[in-house]
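# Structural description and commentary
As a plain string of letters, each chain reads:
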Amino acid sequence: MWKNIQPAPPDSILGLTEQFKKDQNPAKVNLGVGVYKDNNGNTPILEVVKKAEQTLLTSQTTKSYLPISGDPAYGKAVQKLVFGKDSDVLKSVRAVTVHAPGGTGALKVGADLLKKFKPQARVWVSSPTWANHNGIFGDAGFKIDTYSYYNPESKGLDFDEMLTDLGKVPAGDIVVLHACCHNPSGVDLDQAGWDEVVRVADRQGWIPFLDFAYQGFGDGVEEDRYAVECFGASGMDFLVASSFSKNFGLYNERTGALTIICPSAEEAAVAMSHLKVVIRTNYSNPPAHGGLTATIILDDPELYEQWLAELAAMRDRIRAMRSGLVQGLANCGVEGDFSFIERQRGMFSFSGLSDEVVQWLRAEKGIYMVGGGRINLAGLTTDNIDYVCKSIAEAMQSVS
Ligand code: LMR
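Right, let's walk through the structure included here. The residue numbering used here restarts from 1 in each chain and proceeds along that chain's sequence as written. For this predicted model, a pLDDT threshold of at least 70 governs which residues receive local features, and a threshold of 80 or more governs which side-chain atom pairs are given and counted, while totals over whole chains, interfaces and linings are taken from all residues. As a rule here, side-chain values come from all non-hydrogen atoms in the structure, and water together with hydrogens is ignored.

Taken together, Ile13, Val33, Gly34, Trp130, Asn183, Tyr214, Lys246, Phe348 and Arg374 are the residues near the ligand. Each polar contact in these results corresponds to two N or O atoms within 3.5 Å; when the atoms are within protein, one needs to be able to donate a hydrogen and the other to accept it, and residues that are neighboring in sequence are counted only if both atoms are side-chain atoms. One nitrogen or oxygen atom from the side chain of Trp130 is found 3.0 Å from an oxygen atom belonging to the ligand. Lys246 places a polar side-chain atom, nitrogen or oxygen, 3.2 Å from an oxygen atom of the ligand. For the area figures, the Shrake-Rupley method with a 1.4 Å probe applies, and any residue is considered shielded solely by the protein chains shown. Taking 260 Å² as the accessible area of the ligand by itself, protein coverage stands at 83%. Among the residues forming the shell around the ligand, the class breakdown is 5 nonpolar, 2 polar and 2 charged. Residues are counted as near a molecule or strand when any one of their heavy atoms sits within 4 Å of it. Here the nonpolar group is Ala, Val, Leu, Ile, Met, Phe, Trp, Tyr, Cys and Pro; Asp, Glu, Lys and Arg are the charged ones; every other residue, Gly included, is treated as polar.

A separate point is the nonpolar core. We define the nonpolar core as a collection of buried residues of types Ala, Val, Leu, Ile, Met, Phe, Trp, Tyr and Cys that are connected through side-chain atoms lying within 4.5 Å of one another. Exposure categories follow from relative accessible area, calculated using a 1.4 Å probe and restricted to protein chains: below 20% of the type maximum is buried, above 50% is exposed, and the middle band is partly exposed. Within the largest apolar cluster, 131 residues are counted, with the highest numbers of intra-cluster contacts made by Leu177, Val197, Phe209, Phe231 and Trp307. In this description a helix means any DSSP run of H or I spanning at least four residues, a strand means any run of E spanning at least two, and both kinds are numbered starting from the N terminus. If one sorts the elements of this core by residue count, helix α12 (residues 301-331) sits on top with 9 residues.

Turning our attention to α12. The terminal C-alpha atoms of α12, which comprises 31 residues, lie 45 Å apart, in line with the 45 Å expected from a rise of 1.5 Å per residue. One side-chain oxygen of the residue at the start of α12 lies 2.9 Å from the amide nitrogen of Glu302, identifying that residue as Asp300. Two residues or fewer after α12 comes Gly333, characterised by a positive phi angle close to 75°. Each residue after the first adds 1.5 Å to the expected span of a helix.

Pairing in this open sheet of 7 strands is mixed, and the strands run β2-β10-β9-β8-β7-β3-β4 from one edge to the other. Looking at strand neighbours, the two that pair on one side only are β2 (95-100) and β4 (143-148), the edges of this open sheet. Each strand of the sheet is rotated relative to its neighbour by a mean of 25°, with strand direction disregarded. Note: two strands are recorded as paired if DSSP finds a minimum of 2 bridges between them. Relative to strand β8 (residues 207-212), strand β7 (residues 174-178) is paired through 5 bridges, and the arrangement is parallel. Residue pairing in the sheet places Leu177 in a bridge with Leu210 of β8. Geometry is summarised by axes, namely lines fitted to C-alpha atoms with helices restricted to the contacting stretch, and by angles between N-to-C directions that run from 0 to 180 degrees.

Moving on to the packing of aromatic side chains. The geometry of an aromatic ring pair comes down to the distance between the two centres and the angle between the two planes. Planes of paired rings set the category: under 30 degrees apart is stacked, over 60 is edge-to-face and the rest tilted, where pairs are Phe, Tyr or Trp rings (Trp by its six-membered ring) whose centres lie within 6.5 Å. Following the criterion strictly, the structure yields 13 aromatic pairs and no others. Both rings, one in Tyr214 and one in Phe348, keep their centres 5.7 Å apart while their planes meet at 75°; by these two values the pair is edge-to-face. Of this pair, Tyr214 sits in the loop between β8 and α9 (226-234) while Phe348 sits in strand β11 (residues 348-350), and the two are 134 residues apart along the sequence. Taken as a pair, Tyr214 and Phe348 share a single burial class, namely buried. Ring geometry for Phe244 against Phe248: centres 4.8 Å apart, planes inclined by 75°, an arrangement best described as edge-to-face. The two residues Phe244 and Phe248 agree in class, both being buried. In textbook terms, an aromatic cluster arises when at least three aromatic residues are bridged by ring pairs, as seen for Tyr74, Phe244, Phe248, Tyr304 and Trp307.

Here 6 bridges tie strand β3 (residues 122-127) to β4, and the two strands are oriented parallel to one another. In the sheet register, Ser126 faces β4, and the bridge partner there is Tyr147. Here the term right-handed applies to a crossover when the path leading from its first strand over the helix to its second strand runs clockwise, the strands being oriented away from the viewer. With helix α6 (residues 131-139) bridging β3 and the parallel β4, this β-α-β connection has right-handed handedness. As paired elements, β3 and β7 share 2 bridges and run parallel to each other. Considered in β7, the bridge of Val123 is made with Ile174.

Checked against the element boundaries, Lys28 lands in the loop between α1 (14-22) and β1 (29-30). Accessibility expressed as a relative area gives 25% for Lys28, which makes it partly exposed. The spacing of Lys28 and Ala100 is 72 residues in sequence and 34 Å in space, taken between C-alpha atoms. Setting aside residues no more than four positions away along its own chain, Lys28 makes contact with Phe20, Lys21, Asp23, Lys365 and Gly366. Whether two residues touch is decided by their heavy atoms; if any such pair falls within 4.5 Å, the residues are in contact.

Next up on the list: the packing of helix α2 (residues 47-59) against helix α11 (residues 289-298). It is at 9 Å that the axes of α2 and α11 come closest, and there the two elements cross at 105°. In terms of their interaxial angle, α2 and α11 are classed as roughly perpendicular. Residue-level contacts link Val48, Val49, Ala52, Glu53, Thr55 and Leu56 of α2 to His289, Leu292, Thr293, Ile296 and Ile297 of α11. In terms of residue class, the contact of α2 with α11 is built from 7 nonpolar, 3 polar and 1 charged. To sort the angles, those under 35 degrees are grouped as roughly parallel, those over 145 as roughly antiparallel, those from 65 to 115 as roughly perpendicular, and the leftovers as oblique.

For the rest of this paragraph, the subject is unusual backbone geometry. Across the junction of Ser127 and Pro128, the peptide omega takes the value 5°, indicating a cis bond. Of note, Pro128 is situated in the loop between β3 and α6. Omega for the bond connecting Asn183 with Pro184 falls within 30 degrees of zero, at 25°, which places this linkage in the cis form. Inspection of the secondary structure puts Pro184 in the loop between β7 and α8 (191-204). Even without glycine at this site, Val93 takes up a positive phi of about 55°. Take Val93: it is sitting in the loop between α4 (88-91) and β2. With a relative accessible area of 52%, Val93 lands in the exposed category. Of note in this structure, Arg254 is not a glycine but carries a positive phi near 45°. Note that Arg254 resides in the loop between β9 (238-243) and β10 (256-261).

Here you go:
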């Protein structure tokens with residue numbers, strides 16, 4: 001069956017991890033996949049997660065199926081976190097949430113649902129965007145277009161161009177927006193920027209689909225939800241794909257959520273009924289462990305505080321690595337102003353390094369970055385940062 005079929009290329013992000021694992025270079029550094037690492041280069045299980053898992057182990061009485069949409073308590077906990085507990089979206093019951101297998105699963109469930117009811121729509125993604133957005137929406141059968149976002153010259157946001165492009169998106173099309181910690185660029189809109197985007201969405205009538213995978217990695221759990229709050233207050237239809245992979249470190253528990261927000265509770269109930277069909281015919285119902293664990297933490301004030309503290313520690317370490325990288329590159333005599341790295345937020349930086357430099361670093365130094373020069377700052381440690389900076393300096397000399 002497969003004799004005459006060409007193999008598919010490896011995934012541009014997860015395929016890099018496979019390659020990294022095989023690399024024999026003892027100094028190798030993985031700055032590719034968006035996974036948090038501590039200063040020892042490990043991806044730890046949060047202490048608060050360990051505690052909640054203990055509670056779960058002793059209190060759990062069954063492994064029977066969850067409902068198609070997941071545990072209702074999980075849905076409620078997600079909504080509180082994503083919108084804030086006092087949000088009108090919660091009070092008016094205008095939102096429905098399902099537990100999806102990770103943020104990716106949430107995007108895919110949303111994409112399949114939208115394809116059923118908006119078959120002619122186009123999906124608009126930022127230029128650039130997370131490579132898998134193209135994969136997910138493309139495989140769901142959508143034509144994909146891009147709107148301006150990142151300006152490689154200024155290493156910042158092309159806000160005017162972005163607004164102009166979004167102002168031309170027709171009603172009924174779908175616009176994927178990164179609610180915070182833009183992946184791959186690390187460049188975010190400020191609050192005034194989001195106010196404008198919401199106005200344009202309202203005027204044009206396109207459907208916002210917010211990818212919210214990094215809540216808490218920008219400035220904090222509350223600060224990072226501004227975009228979601230803004231769209232929530234507008235009363236328009238939109239979707240949010242959120243994830244506990246990064247902020248709870250629950251990567252392999254596939255703990256995400258899709259929330260659909262509607263103008264009324266009646267419409268939200270209709271949306272939920274169709275969401276269930278999409279899920280039932282795909283994976284039937286979600287895995288339980290990660291969602292139950294997250295719910296224990298989110299519903300317990302003490303554990304919640306502990307989680308916020310552990311999340312802040314991850315955020316602070318990444319920030320320290322941003323400063324360390326800027327300083328380290330300057331110390332190694334790398335020409336150019338890299339201060340933009342400190343202004344970017346979240347796990348990633350668009351380093352501005354060319355694809356040739358990225359390839360050279362991989363082949364010669366065992367340093368793995370995603371094509372386009374995306375760096376996962378969390379892959380840097382106080383032990384490897386000098387090696388990375390020196391290697392970048394050498395690469396710039398060798399390749400140019
Ligand atoms: C990333 O961008 O590296 C992460 O979101 C992991 C993934 O699934 O690609």
